[in-house]
Amino acid sequence: MGDQQSDVVNGGEKDVTIKTTSPAYNRQRIEGDNTLIELPWIGKINLRGNAENKRFIEKVAAVVGCALPVEANTQEQHKSITVFWLGPDEWLIHCEIDAVAELMEKIKSDLSSIHHAVTDVSDYYTVLQLQGPDVTALLRKGCPLDLHPEVFKSSHCTQTRFGHASVLLHKLDKSTFNIQIRWSYTEYLWDYLVSAMDAIDR
Amino acid sequence: MLVIECPWCGKRDQTEFSCHGEAHIARPLNTEELSEEEWGNYVFFRSNTKGVHYERWVHDHGCRRWFNVARNTHSDHIYGSYKPGEAAPTIDAPDTPEAKS
């Protein structure tokens, strides 16, 4: 937490340093049986396109290194890249923050003749990681999704609701969930989960 | 609480969705020729059905796609959902009592 990145930007006559501060900078890291942390800044790219266009699917797969998930609520991974299914014509690519610009350019140039839209949304969301024996019970405090391990299995991902916030849930294993949330909702989600932990511990 | 099936994401809780009124209302093509009454009918007047009702829903907290739902306004029974552009399914609704005149 704290400062996630410092960039020197050429602001005309003199260089200006822009500091990007974590949205959870003033929240204490939660440790114990269940832990809550904010992951280091991840690069995020939103991609729209026609899933029925074979050329689109193939070109994107060639760039990211894994198949584009076309089945609902699934994700695919290749090295440091994760591609999440968001909708029938929408995907989210997670990559290293330093790789965003290059990946964007590669997608734009390789798809130049195919109808698509690609947007850098790295600053729009942050990702929290909730881990521990009670993760499912904690998520149930604010999420209406059926989280039974037979229904929502490891590696599944989905967009859903937590409290009043829209989130992207990604189940890494039975005791670890990544929760992607809009930057400005982070403190809300953080405090909600901490309250849920207090309620469970008692 | 209703359980609604998103045609893309599957069965989800009602609180992930929002409802936006009656479906299959086509915007008139001859807009320049419409009278005020015809405009009024198109913009404001809805069928207020008792029984099977076809309505538009959007999966706000999920894939954010629009689709249609066939729901019984009397019993809240949901018969099913279908994608935009698909024809409304024909539904017999034995669980709606006759409207008393």
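Residues numbered from 1 in each chain as written. Chains lettered and ligands numbered in written order. Predicted model: local features only at pLDDT ≥ 70, side-chain atom pairs only at ≥ 80, totals over all residues. Heavy atoms only, no water.

1. With respect to the overall build of chain B
Summing up its helical and strand segments, chain B has 1 helix and 6 strands in all. The helix and strand sequence of chain B, counted from the amino end, reads β-β-β-α-β-β-β. Summarising its shape, the C-alpha atoms of chain B cover approximately 45 × 40 × 20 Å along the three principal directions. Taken over 101 residues, chain B has a buried fraction of 33%. Put simply, 47% of the contacts in chain B that link residues at least 6 apart link residues at least 24 apart. (Helix = DSSP H or I, 4+ residues; strand = E, 2+ residues; numbered from the N terminus. Buried < 20%, exposed > 50% of the residue type's maximum accessible area, 1.4 Å probe, protein only. Contact = heavy atoms within 4.5 Å.)

2. Details of the interface of chain A and chain B
Counting residues at the interface gives 18 residues for chain A and 12 residues for chain B. Both faces combined, the contact of chain A with chain B buries some 1100 Å², and carbon together with sulfur accounts for 43% of it. When the buried area of chain A at its contact with chain B is split by residue, P88, Q159 and R161 of chain A rank highest and sum to 38% of it. Linking chain A with chain B are 3 salt bridges. (Buried area = accessible area lost by both parts, 1.4 Å probe. Salt bridge = Lys/Arg side-chain N within 4 Å of Asp/Glu carboxyl O.)

3. Examining the nonpolar core
The nonpolar side chains of soluble globular proteins are, as a tendency, buried together. With 32 residues, the main nonpolar core has F56 and I93 of chain A as its most contacted residues. When residues of this core are traced back to their parent elements, those giving at least two are β4 (42–49), α1 (54–64), β6 (81–87), β7 (90–96) and α2 (100–110) of chain A together with β1 (3–6) and β5 (66–72) of chain B. The element contributing the most residues to this core is α1 of chain A, with 5 residues. Not counting residues within four places of it along the chain, the set of residues in contact with F56 of chain A comprises L47, R48, G49, N50, L68, W91, L111, I114 and H116 of chain A. Core analysis: the next-biggest nonpolar cluster, separate from the first, contains 24 residues, L36, L147, F152 and W190 of chain A among them. (Core = buried A, V, L, I, M, F, W, Y, C linked by side-chain atoms within 4.5 Å.)

4. Focus: the domain arrangement of chain A
Residues and elements named next belong to chain A. Segmentation of chain A into domains returns domain 1 (31–40 + 124–201) and domain 2 (42–120). Of note, the centres of domain 1 and domain 2, computed from C-alpha atoms alone, are 24 Å apart. Between domain 1 and domain 2, roughly 970 Å² of surface is buried when both sides are summed, and carbon and sulfur atoms account for 59% of that area. Looking at the side of domain 1 facing domain 2, the largest losses of area belong to C157, Q159 and H170, adding up to 40% of the total buried there. Applying the counting rule to domain 1 against domain 2 returns 0 salt bridges. Those elements that place two or more of their residues in the side of domain 1 that touches domain 2 are β9 (125–131), β10 (157–162) and β11 (165–173). The residue inventory of the side of domain 1 that touches domain 2, partitioned by class, reads 6 nonpolar, 7 polar and no charged. (Domains from an automatic or database assignment. Nonpolar A, V, L, I, M, F, W, Y, C, P; charged D, E, K, R; others polar.)

5. A look at the side chain of K44 of chain A
Residue and element names in this part refer to chain A. Here K44 is to be found in strand β4. Summary of buried charges: K44 has no salt-bridge partner, and the nearest side chain of opposite charge, D123, is 7.0 Å away. Separated by 2.9 Å, the side chain of K44 and the backbone oxygen of I42 make a polar contact. Polar contacts involving the side chain of K44 include one to the main-chain carbonyl oxygen of Y125, which spans 2.9 Å. Contact partners of K44, with chain neighbours within four places excluded, come to L92, I93, H94, V100, T119, D120, V121, S122, Y125, T126, V127 and Q180. (Lys, Arg positive; Asp, Glu negative; His and termini not counted. Polar contact = N/O pair within 3.5 Å; in protein donor to acceptor, adjacent residues only side chain to side chain.)

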